[in-house]
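Chain and residue survey
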Protein chains: 2
Amino acid sequence: MSLLAVGTVAFDQIETPFGKRDRALGGSATYLTLAARFMTDDINLVAVVGSDFPEEYVDVLRTRNINLDGLEHRTDQKTFAWGGRYHYDLNNRDTLFTDLNVLSDFNPTLPEHYTGARIVCLGNLDPGVQASVMDQTPSADLVLCDTMNFWIEHTPDALEALLGRVDCLVINDSEARELADEPNLIVAARKIRERGPEILIIKKGEHGALMFAGDTVFSVPAYPLEDIQDPTGAGDAFMGGFAGYLSGCSSITVDALKHALVYGSVVASFTVEKFGPEGLYDLTRAQILDRIDAFRDLTTIPLESVG
Amino acid sequence: MSLLAVGTVAFDQIETPFGKRDRALGGSATYLTLAARFMTDDINLVAVVGSDFPEEYVDVLRTRNINLDGLEHRTDQKTFAWGGRYHYDLNNRDTLFTDLNVLSDFNPTLPEHYTGARIVCLGNLDPGVQASVMDQTPSADLVLCDTMNFWIEHTPDALEALLGRVDCLVINDSEARELADEPNLIVAARKIRERGPEILIIKKGEHGALMFAGDTVFSVPAYPLEDIQDPTGAGDAFMGGFAGYLSGCSSITVDALKHALVYGSVVASFTVEKFGPEGLYDLTRAQILDRIDAFRDLTTIPLESVG
């Protein structure tokens, strides 16, 4: 199935205890598409960049078979830029700066051949922009949506309207607690799903992820890694891997959703092993499948073994 | 296999957003033994109480087939008492008071018929006391040990010596990070195991638990509960359930350890649904097995479902 991902393509300044990058390729649409490309050739990106965006970064995406007809180039503005510094434990970070630039009035009109997309990933953006992309993709079988505390706090009405329309919300645990105003994650999940999304995925960083779909609750751990270089983009890579797996399925069953969750977790684990999106550049489907086997060993409960 | 658990038997004052208890039955040995009793009849408790300890609390344990020959009664001192208040999110608590009383010079001499115990659970106590119990149980096949930040900070040498002797350390994630002086849990686990314990279990509260044994890493989630009344004793119930499962096994294989981890997680989930140890009072093995089936649904990765 064709997949469309809208989000940011950005310059990231990243500082972790293990290194630093300046003006690295970043942004949610970058991670979403690079992570989603392993099960389908029909990946379509929607984002905006400025006059300062280098052709070499465009090539990173183009050479990996990502359709860039929806990447708008502005000649009169600069590319969205973000800087963050991770603490020693990698679980917390400080935002150093956020320069919206081209993003301040981003409101994409999709290319005609994008509008039949079957799986739509709404990366973290103004809920109004996310809704506009939904309006332009009426054939979607599955709409996935990310958001963040900024939109929960500043545009609650637009976000609420969007929640009523999307099929799958993908947020982290602190966002879920804030969105539901409820500390118990299981209660929070029920309350959020009552407001719209049939499927809810709660990302928990080093603790993995929880998925709620129908009457199913499904848990995946994070892949145990000794060497994490940079957590940037892990959540987007997770969502991209999840959606990308489903784009290779003929129908979206509960088993497919469970498998997609493992797939997303595995793709995210490769992402954090290198800086920025570099861990996704040369990743292969074979490497992903090998790590899925390791996931089975990590989680499969043996049969009763009392003897 | 026979199981011995040493720890505290205490009065707990508990305040959660859902209620309050004063002078409730508590203590690590209470939870350990109540949680361990489902797979063997040979459960032996070692602890100390004071003159104020009511016979009705003794009966709670005695009527559940726990051998209390190792429960020392002091006539000249009061029972150990602890008070804690949980925050709104139940993940944090303030200790209101800790009255050591009888615990201040607790150093048990085991009844002769205890010394052949095959599985020994060292509840959180002074590492010197834990070592003394190990000295008195030379036939043990498996020694499990809990500790806490107080001992990590105040008796590091005694704790280090103990780590070199125990088979299985059971601690929570913040304790693991502190003990290893390392934020990455996977690295912390390797460093701790290099100091002694062949098996390491890291408890993560609402995020479940991780077990390291040989080359195996195994992850279990927490059972998803909407209604948590009181987290007190969940960690001890987890360790008791884990050890209790193994006491019913003819040999301690990796599969038995994995199954024991699920068993411990399930017993802990029943514990937090009621105040204090009340959730363990009438719990049955059938209820535990039912919830283990639910755990399989929660974690089993389906076969590749791309169609």
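Residues numbered from 1 in each chain as written. Chains lettered and ligands numbered in written order. Predicted model: local features only at pLDDT ≥ 70, side-chain atom pairs only at ≥ 80, totals over all residues. Heavy atoms only, no water.

1. Some details on the overall build of chain A
If you tally the helices and strands in chain A, you get eleven helices and 13 strands. Across the 307 residues of chain A, 61% fall into the buried class. For chain A, restricting intrachain contacts to residue pairs at least 6 apart in sequence, the fraction spanning at least 24 positions comes to 64%. Surface summary for chain A: the accessible area is close to 11,600 Å², and the carbon and sulfur share equals 46%. Taking the 24 positively charged and 46 negatively charged side chains of chain A as two groups, their mean positions are separated by 2 Å. (Helix = DSSP H or I, 4+ residues; strand = E, 2+ residues; numbered from the N terminus. Buried < 20%, exposed > 50% of the residue type's maximum accessible area, 1.4 Å probe, protein only. Contact = heavy atoms within 4.5 Å. Areas by Shrake-Rupley, 256 points an atom, 1.4 Å probe, with all protein chains shown as cover. Lys, Arg positive; Asp, Glu negative; His and termini not counted. Charge placed at Lys NZ, Arg CZ, Asp CG, Glu CD.)

2. Side note on the sheet that holds strand β7 (residues 93–99) of chain B
What holds strands together in a sheet is hydrogen bonding between their backbones, with the strands either parallel or antiparallel. Residues and elements named next belong to chain B. The sheet built from four strands is open, its strands ordered β3-β2-β6-β7 with mixed pairing. Two strands bound the open sheet, and with one partner strand each, they are β3 (19–26) and β7. Pairwise comparison of adjacent strand axes, ignoring direction, gives a mean angle of 15° for this sheet. Here strand β2 (residues 10–16) runs beside β3; their pairing, made up of six bridges, is antiparallel. From the neighbouring strand, Ile-14 faces β3, where its bridge partner is Arg-21. (Pairing = 2+ DSSP bridges. Axes fitted to C-alpha atoms, helices over the stretch in contact; angles between N-to-C directions.)

3. Observations concerning the side chain of Lys-203 of chain A
Residue and element names in this part refer to chain A. With respect to the helices, strands and loops of the structure, Lys-203 is situated in strand β11 (residues 199–203). Of the side chains bearing the opposite charge, Asp-146 lies closest to the buried Lys-203, which forms no salt bridge; the N-O distance is 4.2 Å. In contact with Lys-203, other than residues within four places in its own chain, are Asp-146, Val-170, Ile-171, Asn-172, Asp-173, Gly-208, Ala-209, Gly-235 and Phe-238. (Salt bridge = Lys/Arg side-chain N within 4 Å of Asp/Glu carboxyl O.)

4. Considerations on the relation of the copies chain B and chain A
Expressed as a screw transformation, the operator carrying chain B onto chain A has a rotation angle of 180° and an axial translation of 0.0 Å, and the superposed copies differ by an RMSD of 0.0 Å. With respect to symmetry, the two chain copies, as superposed, fit the operation of a two-fold axis. With an isologous cut-off of 70% or more, the 100% of interface residues of chain B that recur at the interface of chain A puts this contact in the isologous class. (Least-squares fit on C-alpha atoms with pLDDT ≥ 70 in both.)

5. Examining the packing of helix α9 (residues 254–271) of chain A against helix α11 (residues 285–299) of chain A
All names here are of chain A. Across the interface, α9 lies against α11 with an axial gap of 9 Å and an inter-helix angle of 110°. Put simply, α9 runs roughly perpendicular to α11. As α9 packs across α11, the resulting crossing turns out to be right-handed. Residues His-259, Val-262, Tyr-263, Ser-265, Val-266, Val-267, Ser-269 and Phe-270 of α9 form the contact with α11, whose participating residues are Arg-285, Gln-287, Ile-288, Arg-291, Ile-292, Phe-295 and Arg-296. The class makeup of the residues in the contact of α9 with α11 is eight nonpolar, four polar and three charged. (Parallel < 35°, antiparallel > 145°, perpendicular 65-115°, else oblique. Left-handed = near helix turned anticlockwise from the far one by under 90°. Nonpolar A, V, L, I, M, F, W, Y, C, P; charged D, E, K, R; others polar.)

6. Side note on helix α7 (residues 185–194) of chain A
Residues and elements named next belong to chain A. The complete set of buried residues in α7 reads Leu-185, Ile-186, Val-187, Ala-188, Ala-189 and Ile-192. Against the buried residues of α7 lie β10 (168–172), α6 (173–180), β11 and β12 (209–213). The residue sitting at the N-terminus of α7 and contributing the capping side-chain oxygen is Asn-184; that oxygen lies 2.8 Å from the backbone nitrogen of Ile-186. Where α7 terminates, the next one or two residues include Gly-196, which has phi positive at roughly 155°. (Polar contact = N/O pair within 3.5 Å; in protein donor to acceptor, adjacent residues only side chain to side chain.)

7. Some details on the pattern of salt bridges
Counted according to the given criterion, the structure contains 36 salt bridges over all chains. Linking Arg-23 of chain A and Asp-52 of chain A is a salt bridge whose minimum nitrogen-to-oxygen distance equals 3.7 Å. Taken together, the residues span a long stretch of sequence, with Arg-23 of chain A in strand β3 (residues 19–26) and Asp-52 of chain A in the loop between β4 (43–49) and α2 (55–62) at a distance of 29 residues. Among the residues examined, Arg-23 of chain A registers a relative accessible area of 43% and is labelled partly exposed. Judged by relative accessible area, which is 23%, Asp-52 of chain A ranks as partly exposed. As a salt-bridge pair, Arg-74 of chain B and Glu-72 of chain B come within 2.8 Å of each other at their nearest N and O atoms. The exposure class of Arg-74 of chain B is buried, given its relative accessible area of 13%. Through salt bridges with shared partners, a single network forms among Glu-15, Lys-20 and Arg-85 of chain A.

8. Topic: the sheet that holds strand β1 (residues 3–6) of chain A
Residues and elements named next belong to chain A. Strand order in the open sheet formed by nine strands is β5-β4-β1-β8-β9-β10-β11-β12-β13, with mixed pairing between adjacent strands. Of all the strands in the sheet, just β5 (66–73) and β13 (216–220) have a single pairing partner and so form its edges. Averaged over all adjacent pairs, the angle separating strand axes in this sheet is 15°, with direction ignored. Pairing geometry for β11 and β12, over five bridges, is antiparallel. If you follow Ile-201 over to β12, its bridge partner there is Met-211.

9. Focus on the confidence of the model for chain A
Averaged over every residue, the pLDDT of chain A is 96; the share at 70 or more is 99%. Two summary scores accompany this predicted model of the complex, namely pTM at 0.95 and ipTM at 0.92. (pLDDT = per-residue confidence, 0-100.)

10. Quick word on the side chain of Glu-175 of chain B
Residue and element names in this part refer to chain B. Here Glu-175 lies in helix α6 (residues 173–180). Buried within the structure, Glu-175 lacks any salt-bridge partner; its nearest side chain of opposite charge belongs to Lys-203, at an N-O separation of 5.5 Å. In this structure Glu-175 touches Thr-147, Met-148, Asn-149 and Ile-152, once residues within four positions along its chain are discounted.

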